[in-house]
Amino acid sequence: MQKPRFIFVTGGVVSSLGKGIASASLAALLQARGYKVRCRKLDPYLNVDPGTMSPIQHGEVYVTDDGAESDLDLGHYERFTGVAAKQSDNITTGRIYLNVIARERKGDYLGATVQVIPHVTDAIKNFVKSDLGDEDFVLVEIGGTVGDIEGLPFLEAIRQLGNELGRERTLFIHLTLLPYISTSGELKTKPTQHSVKELLSVGIQPGVLVCRADREIPEGERRKIALFCNVPERNVIAGLDVDTIYDVPIAYHAQKFDRVVLEHFGMDASKEPDLSRWQQIVSRIRQPESEVKIAVVGKYTTMLDSYKSLSEALIHGGIANNVRVNAWWVDSEVFESEDAVRKLEGVSAILVPGGFGERGTLGKIRAAQFAREHKVPYFGICFGMQMAVIEVARHLASMPGASSTEFAPQENPVVGLMTEWMKGNQLEKRAIGGDLGGTMRLGNYSCHLLKGSKARAAYGDQEKINERHRHRYEVNIHFKAALEKAGLIFSGMSPDGQLPEIVELKDHPWFLGVQFHPELKSKPFAPHPLFTAFVRAGLERSRLV
Ligand code: GLN
């Protein structure tokens, strides 16, 4: 049979049902059965990518190796399958239209009237089928909820694909919610029926329904859903709430989800998949030996999806050390009043994550200062590194006005705008005041590690590493000597020696700042070495105090 097979995942009733986790978990199950998988996301909004959106609106911007600023669901896919996500795994209406309109301007449509059907839908279909190799399954999640106006061209495109490729190469999965009504003591199926109707109205009959519910679905309700939604009863899968997302593949398997999918495609499902690695992770999460409290001092703490990869990477660091990480998400503005920083006394470690803009920076600088002075393990990621460097410059290197040009022109710009840097052998250039979208230093860049440093020790004494970046400003190399004199070690540098990638403090148990985003590469099966080392340092601290 011709490969790959496409599995389209849509959502209905309400948003936030966890389509990303559902797709990632099914992909993980198929992978555990020995199949090659790839996951993709179609986002119906008009932004070209989420790079210019506030994380409070949209959640984290997940950066891929090839420098795409993409949807956070790509992070779930990568964490669950270990398959590195790419630019070609995420598209938005904005990007589709950008391409279609550029072609129209070039005259590529040869005089045709350019329309949503067929031109936009063709562009979506081409995208879905593009840049694939020998994958057995491509799981394609459609963002938003069925019934959204902006989602229609995507539904139309996947409907057409279903026709063109046939049942043996496509499957439609629809994720819905069964709300529990306490006064009647029932899980209600009507919203699911309506949602499937909505999908049918655009010509899509789902083959499998995954019904989110906070309790077991009684046989009667399951039968009713099957009957009214026109699917076999065994194709109604319960998506029950679980205490850790890493239990979802196991829970799905218990519901025979993977078997139902294979049988849909007429494939042999007799051999059971090996899920032992998932079981190990879940049991480690559920039965840790101890706990550590880590303060995460950020700006987007009202929307925890803003820090999705980070919160997962902390869990992974916990798995590696057999501890539960209790993250205390605290708005940095809390520390703008001098006394408040004492609230950090009870924590075992402090992390300042990535961020943009001046608001809340004083609190971050104070948190870094507290960590330095009280010898609390500190991990500064991207902006968190820049704030730590500013702290050291201000308080140890006699530059009280040291700051970043991100906020205003500075007398001592210890953090400054990058206008030129090397990407492999190529020079990348940016103009001051240029476009904000897609113009940062993005994606994988390598970094050389200093012998004998804590950073290098964490990476198992590797000399060269590759990490993903997303930043416009950079610790200014012209201040390197002064900062070194103040006690900062530049333990990671870009290959040309121009861009500081990692700094650490002398005479401190563990104080590291990194210009890249290690959280993006962390996986439950392969916790990122810096998170492993950071959580370990926190654990050691918790034993001391
Ligand atoms: N705002 C900073 C910069 O652009 C840091 C970015 C980040 O933390 N991702 O360099």
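Okay, so let's go over this structure. (Residues numbered from 1 in each chain as written. Predicted model: local features only at pLDDT ≥ 70, side-chain atom pairs only at ≥ 80, totals over all residues. Heavy atoms only, no water.)

1. Looking at helix 4 (residues 93-106)
Between the first and last C-alpha of helix 4 there are 20 Å, a value that for 14 residues agrees with the 20 Å anticipated at 1.5 Å per step. Among all positions of helix 4, only Thr 93, Gly 94, Ile 96 and Val 100 are buried. Buried residues in helix 4, looked at end-on, bunch into an arc of 155 degrees, giving them a common side. Residues of helix 4 that are exposed and angled more than 90 degrees away from the buried face: Leu 98, Arg 105 and Lys 106. The inward-facing, buried residues of helix 4 abut strand 2 (37-43), strand 5 (90-92), helix 5 (116-129) and helix 6 (152-165). For helix 4, the N-terminal capping position is held by Thr 92, with its side-chain oxygen 3.2 Å away from the main-chain nitrogen of Gly 94. Phi turns positive, to about 90 degrees, at Gly 107, one or two residues after helix 4. (Helix = DSSP H or I, 4+ residues; strand = E, 2+ residues; numbered from the N terminus. Expected span 1.5 Å × (residues − 1). Buried < 20%, exposed > 50% of the residue type's maximum accessible area, 1.4 Å probe, protein only. Arc of directions from axis to C-beta. Contact = heavy atoms within 4.5 Å. Polar contact = N/O pair within 3.5 Å; in protein donor to acceptor, adjacent residues only side chain to side chain.)

2. Looking at the pattern of salt bridges
One pass over the full model with this rule turns up 42 salt bridges. The shortest N-O distance in the salt bridge between Asp 134 and Lys 36 comes to 2.6 Å. Remark: Lys 36 occurs in the loop between helix 1 (19-32) and strand 2 and Asp 134 occurs in the loop between helix 5 and strand 6 (137-142); sequence separation between them is 98 residues. The closest approach of N and O atoms between Arg 222 and Glu 219, which form a salt bridge, is 4.0 Å. One end of the pair is Arg 222 and the other is Glu 219, both in helix 8 (residues 219-229) and three residues apart, which spans about a single turn. (Salt bridge = Lys/Arg side-chain N within 4 Å of Asp/Glu carboxyl O.)

3. Considerations on helix 13 (residues 361-373)
Here helix 13 is 13 residues long and its end C-alpha atoms lie 18 Å apart, about the 18 Å a rise of 1.5 Å per residue gives. Most of helix 13 sits out of view: 11 of its 13 residues are buried. Downstream of helix 13 by a residue or two, Lys 375 has a phi angle that is positive, lying close to 55 degrees.

4. Quick notes on the pairing of strand 2
Where burial is concerned, most of strand 2 is hidden: seven out of the seven residues are buried. Residues Val 37, Cys 39, Lys 41 and Asp 43 line one face of strand 2 and the alternating positions Arg 38, Arg 40 and Leu 42 line the opposite face, and both faces are buried. As paired elements, strand 2 and strand 6 share six bridges and run parallel to each other. Bridge assignment links Arg 38 to a residue of strand 6, and that residue is Val 138. Bridge analysis of strand 2 against strand 5 gives three bridges, and the strand direction is parallel. Among the inter-strand pairings, Asp 43 is bridged to a residue of strand 5, identified as Thr 92. (Pairing = 2+ DSSP bridges.)

5. Thoughts on unusual backbone geometry
That bond from Ile 117 to Pro 118 is cis: its omega, 15 degrees, falls within 30 degrees of zero. The topology assignment puts Pro 118 in helix 5. We note that Lys 375 has phi near 55 degrees; this positive angle belongs to a residue other than glycine. Inspection of the secondary structure assignment puts Lys 375 in the loop between helix 13 and strand 15 (378-381).

6. Side note on the packing of aromatic side chains
All told, the structure shown has 18 aromatic pairs when counted by the stated rule. A centroid spacing of 6.2 Å and a plane angle of 10 degrees characterise the contact between Phe 6 and Phe 8, whose relative ring orientation is stacked. In this structure Phe 6 comes out as buried when scored by relative accessible area, which is 2%. Feature note: the residues Phe 80, Tyr 246, Trp 278 and Phe 525 constitute an aromatic cluster, connected by ring pairs. Between Arg 40 and the ring centre of Phe 127, over which it is positioned, the NZ or CZ distance is 5.7 Å. (Phe/Tyr/Trp six-rings, centres within 6.5 Å; stacked < 30°, edge-to-face > 60°. Lys NZ or Arg CZ within 6 Å of the ring centre and 35° of its normal.)

7. Some remarks on the environment of Gly 20
With respect to the helices, strands and loops of the structure, Gly 20 is situated in helix 1. Overall, Gly 20 belongs to the buried group, its relative accessible area being 2%. Between the alpha carbons of Gly 20 and Arg 40 there is a distance of 9.7 Å; along the sequence they are 20 residues apart. The residues contacting Gly 20, other than those within four sequence positions of it, are Asp 73, His 76, Tyr 77 and Glu 141.

8. Looking at the sheet that holds strand 20 (residues 441-449)
Taken in spatial order, the nine strands line up as 13-12-14-15-25-24-23-20-21 in an open sheet, and their pairing is mixed. The strands lining the two open edges of the sheet, one partner per strand, are strand 13 (323-331) and strand 21 (464-471). For this sheet the average axis-to-axis angle between neighbouring strands, irrespective of direction, equals 25 degrees. As defined by bridge partners, strand 14 (residues 349-352) adjoins strand 15 across three bridges and the pair is classed as parallel. Directly across from Val 352, in strand 15, lies its bridge partner Gly 380. Contacts from helix 13 reach strand 12 (290-298), strand 14, strand 15, strand 24 (500-505) and strand 25 (511-514) within the one sheet, and its direction differs from that of strand 14 by about 150 degrees. (Axes fitted to C-alpha atoms, helices over the stretch in contact; angles between N-to-C directions.)

9. A look at the sheet that holds strand 22 (residues 473-475)
As summarised here, the arrangement of the three strands in space is 16-17-22, forming an open sheet in which the pairing is mixed. With one partner strand each, in any of the chains shown, strand 16 (403-404) and strand 22 form the two edges of the open sheet. As judged from the two bridges shared by strand 16 and strand 17 (residues 413-417), these two strands associate in the parallel manner. Directly across from Ser 404, in strand 17, lies its bridge partner Val 415.

10. Here we look at the pairing of strand 20
Counting buried residues along strand 20, seven of its nine residues qualify, which places the element largely inside the surrounding structure. With eight bridges connecting them, strand 20 and strand 21 associate as antiparallel partners. Note that in strand 21 the partner of Tyr 445 across the bridge is Glu 467.

11. Focus: the environment of Leu 499
Examined against the element boundaries, Leu 499 turns out to sit in the loop between strand 23 (488-493) and strand 24. By relative accessible area, Leu 499 is classed as buried at 10%. C-alpha of Leu 499 to C-alpha of Met 418: the two residues are 81 residues apart in sequence and 9.3 Å apart in space.

12. Some points on the site of the ligand
The environment of the ligand is made up of Gly 354, Gly 355, Phe 356, Cys 382, Phe 383, Gln 386, Glu 406, Arg 470, His 471, Arg 472, Tyr 473 and His 517. For the ligand, an oxygen atom lies 3.1 Å from a polar atom in the backbone of Phe 383. In this structure, Tyr 473 approaches the ligand through a main-chain N or O atom, which is 2.8 Å from an oxygen atom. Here the ligand, which alone exposes 290 Å², has 99% of that area covered by the protein. Taken together, the elements giving at least two residues each to the shell around the ligand come down to helix 14 (383-396) and strand 21. Each residue belonging to the shell around the ligand can be placed in one class, and the counts come to four nonpolar, five polar and three charged. (Near = heavy atom within 4 Å. Areas by Shrake-Rupley, 256 points an atom, 1.4 Å probe, with all protein chains shown as cover. Nonpolar A, V, L, I, M, F, W, Y, C, P; charged D, E, K, R; others polar.)

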